[in-house]
Structure formats: C-alpha cells, structure tokens
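Coordinates in review
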Amino acid sequence: MDPTSEKVYKFLDDFIGEMARIFPDHYFHIGGDEVNGKEWDANPKIQAYMKAHEIKNNQALQAYFSGVSRSW
C-alpha cells in the first residue's frame, strides 16, 4: 500500500469501518509487522515523501502509516 496516497487512507477508512461494524470487538489487528519495505525503498515517490516529512526509515514510515488518526 502507498502511504503517500490519500486514496489508500480513504479505502482503509471505509474497509476497516465496515469490518468493525460486522465484527464489533475492542481490538482490530491491522497487521503491519509483515512489511519488509522493499517496495517502499524502490518507489521514488515514497522516498521523496519520507524525505519531505523527515521520516527516517521504513519502520518509522510503518508507524506513521499505522498511527495516522482515522475514524475507525
């Protein structure tokens, strides 16, 4: 997934919101620990985004991507 794309966040907002309604629970595991970063490293747009936002590495980008405030 492209953490620089607002379309991705919109999709995830809709998808996770729907899943939360279907499976009401206190926790919803979104994963993220499987990310190896190869695709992010190879993507110039994502690398430019990381530089512009002073995101130091893929672990920090994953934390940002997972932690951005959402409506779920």
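Each value, and the rule that gives it
- Residues numbered from 1 in each chain as written.
- Predicted model: local features only at pLDDT ≥ 70, side-chain atom pairs only at ≥ 80, totals over all residues.
- Heavy atoms only, no water.
- Helix = DSSP H or I, 4+ residues; strand = E, 2+ residues; numbered from the N terminus.
- Buried < 20%, exposed > 50% of the residue type's maximum accessible area, 1.4 Å probe, protein only.
- Arc of directions from axis to C-beta.
- Contact = heavy atoms within 4.5 Å.
- Polar contact = N/O pair within 3.5 Å; in protein donor to acceptor, adjacent residues only side chain to side chain.
- Salt bridge = Lys/Arg side-chain N within 4 Å of Asp/Glu carboxyl O.
- 1 Å grid on protein atoms, 1.4 Å probe; cavity = no way out; pocket = protein on both sides within 12 Å on 5 of 7 lines; lining within 4 Å.
- Points joined across faces, edges and corners; volume = space filled by probe spheres on them.
- Nonpolar A, V, L, I, M, F, W, Y, C, P; charged D, E, K, R; others polar.

**Some details on unusual backbone geometry**
Phi is positive for Glu54, close to 55°, though the residue is something other than glycine. Note on placement: Glu54 falls in the loop between α3 (44–52) and α4 (58–67). The exposure class of Glu54 is exposed, given its relative accessible area of 63%.

**Section: α4**
Given 3.6 residues per helical turn, the α-helix brings residues three or four places apart onto the same face. Within the span of α4, buried status applies to Asn58, Leu61, Gln62 and Phe65. Along the axis of α4, the buried positions cluster into a sector of 100°, meaning they face one direction only. In α4, those exposed residues whose orientation departs by more than 90 degrees from the buried face are Gln59, Ala63 and Gly67. Tucked into the core, α4 has its buried residues touching α1 (6–22), α2 (38–42) and α3. Structurally, the start of α4 carries an N-cap: the backbone nitrogen of Gln59 is 3.1 Å from a side-chain oxygen of Asn57.

**Details of the pattern of salt bridges**
Inspection of the entire model under this criterion finds 2 salt bridges. Between Asp2 and Lys45 there is a salt bridge, and its shortest N-O distance comes to 3.5 Å. Of this pair, Asp2 sits in the segment before α1 while Lys45 sits in helix α3, placing them 43 residues apart in sequence. Here Lys10 and Asp14 are joined by a salt bridge, their closest N and O atoms 2.9 Å apart. On the criterion of helical spacing, the pair formed by Lys10 and Asp14 is a turn pair, its members being 4 residues apart in helix α1. Lys10 sits in the partly exposed class, given a relative accessible area of 48%.

**Observations concerning the layout of surface pockets**
In this structure, the largest pocket occupies an estimated 380 Å³ of space. In this structure, the largest pocket is lined by 20 residues; those nearest its centre are Met1, Leu12, Ile30, Gln62 and Phe65. When residues of the lining of the largest pocket are traced back to their parent elements, those giving at least two are α1, α2 and α4. Grouping the amino acids of the lining of the largest pocket by side-chain chemistry returns 11 nonpolar, 6 polar and 3 charged.

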